[in-house]
There are 2 protein chains.
Amino acid sequence: MKKAILDNRSKEISTEKSDAAIRMSVTPWEVEGEINYDKLIEEFGTRPLDSHLFSRLKDPMPPPVKRGMCFSHRDLDKWLDAYDNGDKVSVLSGRGPSEKMHIGHLTLYAIPKYFQDVYKCTVYIPVSDDEKFYVKEDLEIEDVEMFANDNILDILAMGFDPNKTIVHKDFEHTKIYKYAAQVAKKITYSTAKAVFGLKAENNIGWVFYPAMQATHILYPQFIEGQHLTLVPIGIDQDPFIRATRDIAEKFGFQKPATIHKKLAPGLEGPKMSSSGKNAIWLSDDEATVANKVHRYAFSGGQPSVKEHREKGGNPDIDVSFLYLKYFFEEDDNKLEQIVRGYRDGSLLSGELKEYFIEKVNNYLKEHRRRREIVAKNIDKYMLRD
Amino acid sequence: MKKAILDNRSKEISTEKSDAAIRMSVTPWEVEGEINYDKLIEEFGTRPLDSHLFSRLKDPMPPPVKRGMCFSHRDLDKWLDAYDNGDKVSVLSGRGPSEKMHIGHLTLYAIPKYFQDVYKCTVYIPVSDDEKFYVKEDLEIEDVEMFANDNILDILAMGFDPNKTIVHKDFEHTKIYKYAAQVAKKITYSTAKAVFGLKAENNIGWVFYPAMQATHILYPQFIEGQHLTLVPIGIDQDPFIRATRDIAEKFGFQKPATIHKKLAPGLEGPKMSSSGKNAIWLSDDEATVANKVHRYAFSGGQPSVKEHREKGGNPDIDVSFLYLKYFFEEDDNKLEQIVRGYRDGSLLSGELKEYFIEKVNNYLKEHRRRREIVAKNIDKYMLRD
């Protein structure tokens, strides 16, 4: 099965336009345009998550892991070696709380959850309330706090183990400032400017933030001693990792490993996008979800039922399909059945959407139930001063 | 008596070389050369502490206040008005702990202590361990902590009231980071660069620090609501105050007032200097103090006893005299007697030094006794997370 899925994945990459890299702009602050992932691997100097490495990952894998959403890495092999050797390892996946969370965000946090479930390691979730406050001009500190608390519940409701999960916010676990200061001393303004594209009109909190971000990534080692931490991220965040890997050495720490995830599709088209315009929010009720999918979800089906029955649809650009593939449909056989039906025209676009709506609403119903439980036990997860 | 002392002060200013301002360099990070205080008032756009305002200050005044060490201010008149109206007022005097403290430092902290003693107001003492860590390349965080704890004991041993004194360190009371972030958002890199002379090779902690410094100055208002805070400082720190006064308005706070103190003389010459080379440290034992004064203390006496008896000495450039005047000799009559004796040649330089050594050693003996008491009660002063 694994092989078939990998083939599917490489096909998908090859369907992307060859000139896409020209139009793409990837900085830690902004992701625009279409993304050519092969080009990104080359440009960022990372390594592809190839079939050999993929075959080392332990089962069971959730959809985003088993179906090729992770395309690139740094030192994932070393992290797996360390795990195999019985060394301490950890996983870290942060969150910048500038808005509520939508279903696109779930595909990222499924990755640290996978490593926690299967490798039984501690997951750190640093919440950069300060970053979002610095970077978003109109965001007040009260807004950031509200989003932070809301996002934390959504992330934890995915099923993180309270005994193996550490969440901390920079405006609450302010003790981290003492560590960030030690990191900051090792980053000159000119380095920060070059790596993060800082401008003279940016505020000095924004200028300082790269130190805080690096501290987040090194925090497992600051508080638990040197070991390998794996950081699942979008590749647009890779400059942070590279800078942090250099800094890690200066503290006698291990360079953090990373696994790069493709961006989740936006609702209105499979062009990868991190923006939440017309997204399905985790707080959307059933009718809203149905309405949004019917109205906005980009379809790979044909203009008419007749044409669809004749020519079949294209699942690789169909957002409902892509979300089933990358997150909501755990069952490989069911997914194969959908692919076949959609391609041969027996499964209509409207039918696919209905199935997708049902899956999303079932997920969100269960999500909200788990969220309430997490809210009651939030102290078990939070690292506070 | 007040008038005579003021006359003495203006004489002292007029003896300074007229081209001194050319050679002086006053930034928050470095003070060099000779200082022309009249020129500084003009350049910094502050107001002289004139005889009218001086006459409003309540007795009893300690030597640095009554003998002209405070030469300039911003809004001290408003602060006194607020006090007279029965409004809340506070005083704030920070410390950057990069070394142990010497007798030159005592002249600064005598000023907040005066306002606490006479005006019964709360004194805030923010300790910028982070600043010194950022700015001094070779200073490790452990060094900074050691100096911070040591300096705090020395400052408090001057007799601050445990019920009206709040001390906090940035690496310990890290809660302040949340406030500093709000201030940082209102300071662009280009503003910080212009005001504080930042360079591209400075680390990003250093770049962030102006926000922390402004937060220190506004902290009484952040935690106690808007009111007037008076900040006694060296005029080289005035750029911080100016920047902070602008920021204060953005938070609906009152612009902090300030009173500018002349720099304390260095041991080897009356040219004002904040450097501690060959200083008398507060930890020096009696023999060390005697040895340093005899060997290094710049004398205004004549080369030979014969010449001294004939021409008399010059107290205005004699470091032993200046420290008696600005700190150790509380008795105005005794000081006048010394001035007269030194000028008419009846008091020899060696005799003046002996008297100075006795005063310093008596002070330090008492200082160390009070320091031990403070150490036992340190929790009464410290604001921790």
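Residues numbered from 1 in each chain as written. Chains lettered and ligands numbered in written order. Predicted model: local features only at pLDDT ≥ 70, side-chain atom pairs only at ≥ 80, totals over all residues. Heavy atoms only, no water.

S.K.: I would appreciate a short explanation of the relation of the copies chain B and chain A in the present structure.
M.R.: The relation between the two chain copies is a rotation about an axis coupled with a shift along that axis. Placing chain B over chain A gives an RMSD of 0.0 Å and needs a rotation angle of 180°, together with 0.0 Å of translation along the axis. A rotation of that kind, with that shift, is consistent with a two-fold axis. By residue overlap, the copies meet face to face through one surface: 100% of the interface positions of chain B are interface positions in chain A. (Least-squares fit on C-alpha atoms with pLDDT ≥ 70 in both. Contact = heavy atoms within 4.5 Å.)

S.K.: How should the interface of chain B and chain A be read in this particular structure?
M.R.: Interfaces are often sized by the amount of accessible area the parts lose when they come together. Counting residues at the interface gives 36 residues for chain B and 36 residues for chain A. Interface of chain B and chain A: buried area, both sides summed, is about 2,900 Å²; carbon and sulfur atoms make up 69% of it. Per-residue buried area on chain B facing chain A is highest for Tyr-177, Lys-185 and Ile-204 of chain B; these three make up 29% of the total on that side. In this assembly, chain B and chain A are joined by zero salt bridges. Where chain B packs against chain A, one counts 23 residue pairs in polar contact (both at pLDDT 80 or more). (Buried area = accessible area lost by both parts, 1.4 Å probe. Salt bridge = Lys/Arg side-chain N within 4 Å of Asp/Glu carboxyl O. Polar contact = N/O pair within 3.5 Å; in protein donor to acceptor, adjacent residues only side chain to side chain.)

S.K.: Would you take a moment to explain the packing of aromatic side chains for this structure?
M.R.: The description of an aromatic ring pair rests on the distance of the ring centres and on the angle between the ring planes. As enumerated under the stated definition, the model contains 51 aromatic pairs over all chains in all. Each ring, one from Phe-328 of chain B and one from Phe-356 of chain B, has its centre 6.0 Å from the other, and the planes form 75°; the classification is edge-to-face. Taken together, the residues Phe-328 of chain B in helix 16 (residues 319-328) and Phe-356 of chain B in helix 18 (residues 349-376) connect sequence positions 28 residues apart. Per residue, the accessibility class of Phe-328 of chain B equals that of Phe-356 of chain B, and both read buried. Taken together, the aromatic side chains of Phe-133, Tyr-134, Phe-171, Tyr-177 and Phe-208 of chain A together with Phe-133, Tyr-134, Phe-171, Tyr-177 and Phe-208 of chain B make up a single cluster linked through ring pairs. For Lys-185 of chain A, the ring lying beneath its charged end belongs to Phe-133 of chain B, and the centroid distance is 4.2 Å. (Phe/Tyr/Trp six-rings, centres within 6.5 Å; stacked < 30°, edge-to-face > 60°. Helix = DSSP H or I, 4+ residues; strand = E, 2+ residues; numbered from the N terminus. Buried < 20%, exposed > 50% of the residue type's maximum accessible area, 1.4 Å probe, protein only. Lys NZ or Arg CZ within 6 Å of the ring centre and 35° of its normal.)

S.K.: Please explain unusual backbone geometry as it appears in this structure.
M.R.: Peptide bonds are, in most cases, trans, and in most cases residues other than glycine have a negative phi. Residues and elements named next belong to chain A. Residue Pro-60 is reached from Asp-59 by a cis peptide bond, and omega for that bond is -5°. Take Pro-60: it is sitting in the loop between helix 4 (51-56) and helix 5 (63-66). Positive phi, normally seen in glycine, also occurs at Asp-75, with a value near 60°. Mapped onto the elements, Asp-75 comes out in the loop between strand 4 (70-74) and helix 6 (76-84). Judged by its relative accessible area of 11%, Asp-75 is buried.

S.K.: It is not clear to me how helix 7 (residues 103-119) of chain A should be interpreted in this structure. Could you clarify?
M.R.: Counting along an α-helix, one turn takes 3.6 residues, and residues three or four places apart therefore face a common direction. All names here are of chain A. With 17 residues, helix 7 should cover 24 Å at 1.5 Å per step; its first-to-last C-alpha distance of 25 Å lies within 8% of that length. Of all the bends in helix 7, the greatest, near 30°, is centred on Tyr-109, and the proline Pro-112 appears no more than four residues after it. Directly beyond the C-terminal end of helix 7, a positive phi value near 55° is found at Lys-120. (Expected span 1.5 Å × (residues − 1). Bend = angle between axes of the 7 residues up to and from the residue.)

S.K.: Which parts of the structure should I look at to understand a negative patch on the surface?
M.R.: There is a patch of like negative charges on the surface, built from Glu-137, Asp-138, Glu-140 and Glu-142 of chain A. Relative to the assigned elements, Asp-138 of chain A resides in the loop between helix 8 (129-135) and helix 9 (141-156). (Patch = residues over 30% accessible without salt bridge, like charges linked within 9 Å, V, L, I, M, F, W, Y side chains within 5 Å. Areas by Shrake-Rupley, 256 points an atom, 1.4 Å probe, with all protein chains shown as cover. Lys, Arg positive; Asp, Glu negative; His and termini not counted. Charge placed at Lys NZ, Arg CZ, Asp CG, Glu CD.)

S.K.: It is not clear to me how the state of the cysteines should be interpreted in this structure. Could you clarify?
M.R.: By definition, a disulfide links two cysteine residues through a covalent bond between their sulfur atoms. Residues and elements named next belong to chain A. Taken as a whole, this structure holds zero disulfides over all chains when the rule is applied. We note that Cys-70 lacks a disulfide partner, and the nearest cysteine sulfur, in Cys-121, lies 14 Å from it. Note on Cys-70: relative accessible area 4%, which makes it buried. (Disulfide = S-S within 2.5 Å.)

S.K.: Whenever I open this one, helix 10 (residues 176-184) of chain B confuses me. Can you help?
M.R.: In terms of burial, helix 10 of chain B is largely enclosed, as seven of its nine residues are buried. Here helix 10 of chain B has its buried residues at Ile-176, Tyr-177, Ala-180, Ala-181, Gln-182, Val-183 and Ala-184 of chain B.

S.K.: Sorry, what's going on with the sheet that holds strand 9 (residues 257-261) of chain A here?
M.R.: Strand-to-strand pairing in sheets goes through backbone hydrogen bonds, with the strands running parallel or antiparallel. Residues and elements named next belong to chain A. Spatial ordering of the open sheet is given by 3-4-9-8-5-6-7, a layout of seven strands whose pairing is mixed. The strands lining the two open edges of the sheet, one partner per strand, are strand 3 (47-48) and strand 7 (165-169). Where strand 5 (residues 89-92) and strand 8 (residues 228-234) come together, three bridges link them in parallel fashion. By the bridge assignment for strand 8, Val-91 is matched with Leu-230. Lying on the sheet, helix 3 (residues 37-44) is in contact with strand 3 and strand 4; it crosses strand 4 at an angle near 5°. (Pairing = 2+ DSSP bridges. Axes fitted to C-alpha atoms, helices over the stretch in contact; angles between N-to-C directions.)

S.K.: Could you clarify how one ought to interpret the pattern of salt bridges in this entry?
M.R.: Pairing between side chains of opposite charge can happen when their charged atoms approach one another. Across all of its chains, the model carries 50 salt bridges over all chains by this definition. In this structure, Arg-343 of chain A and Asp-316 of chain A form a salt bridge, with 3.6 Å as the shortest nitrogen-oxygen distance. Of this pair, Arg-343 of chain A sits in helix 17 (residues 332-344) while Asp-316 of chain A is found in the loop between helix 15 (305-311) and helix 16 (319-328), placing the two residues 27 residues apart along the sequence. The exposure class of Arg-343 of chain A is partly exposed, given its relative accessible area of 37%. On the accessibility criterion, Asp-316 of chain A (17% relative accessible area) is buried. Between Asp-117 of chain B and Lys-113 of chain B there is a salt bridge; the shortest N-O distance is 2.6 Å.

S.K.: What is the right way to read the environment of Ile-280 of chain B from this model?
M.R.: Residues and elements named next belong to chain B. Looking at where Ile-280 falls in the secondary structure, it is placed in the loop between strand 11 (269-272) and helix 14 (286-296). Linking Ile-280 and Ile-247, residues 33 residues apart in sequence, is a C-alpha distance of 38 Å. Here Ile-280 is in contact with His-102, Ile-103, Leu-267, Val-289, Lys-292, Val-293, Phe-356, Val-360 and Leu-364, once residues within four sequence places are set aside.

S.K.: Can you walk me through the side chain of Lys-66 of chain B in this structure?
M.R.: Residue and element names in this part refer to chain B. In this fold, Lys-66 is placed in helix 5 (residues 63-66). Residue classification places Lys-66 among the buried positions, given a relative accessible area of 13%. Among the polar contacts made by the side chain of Lys-66, one reaches the main-chain carbonyl oxygen of Glu-330 at a distance of 2.9 Å.

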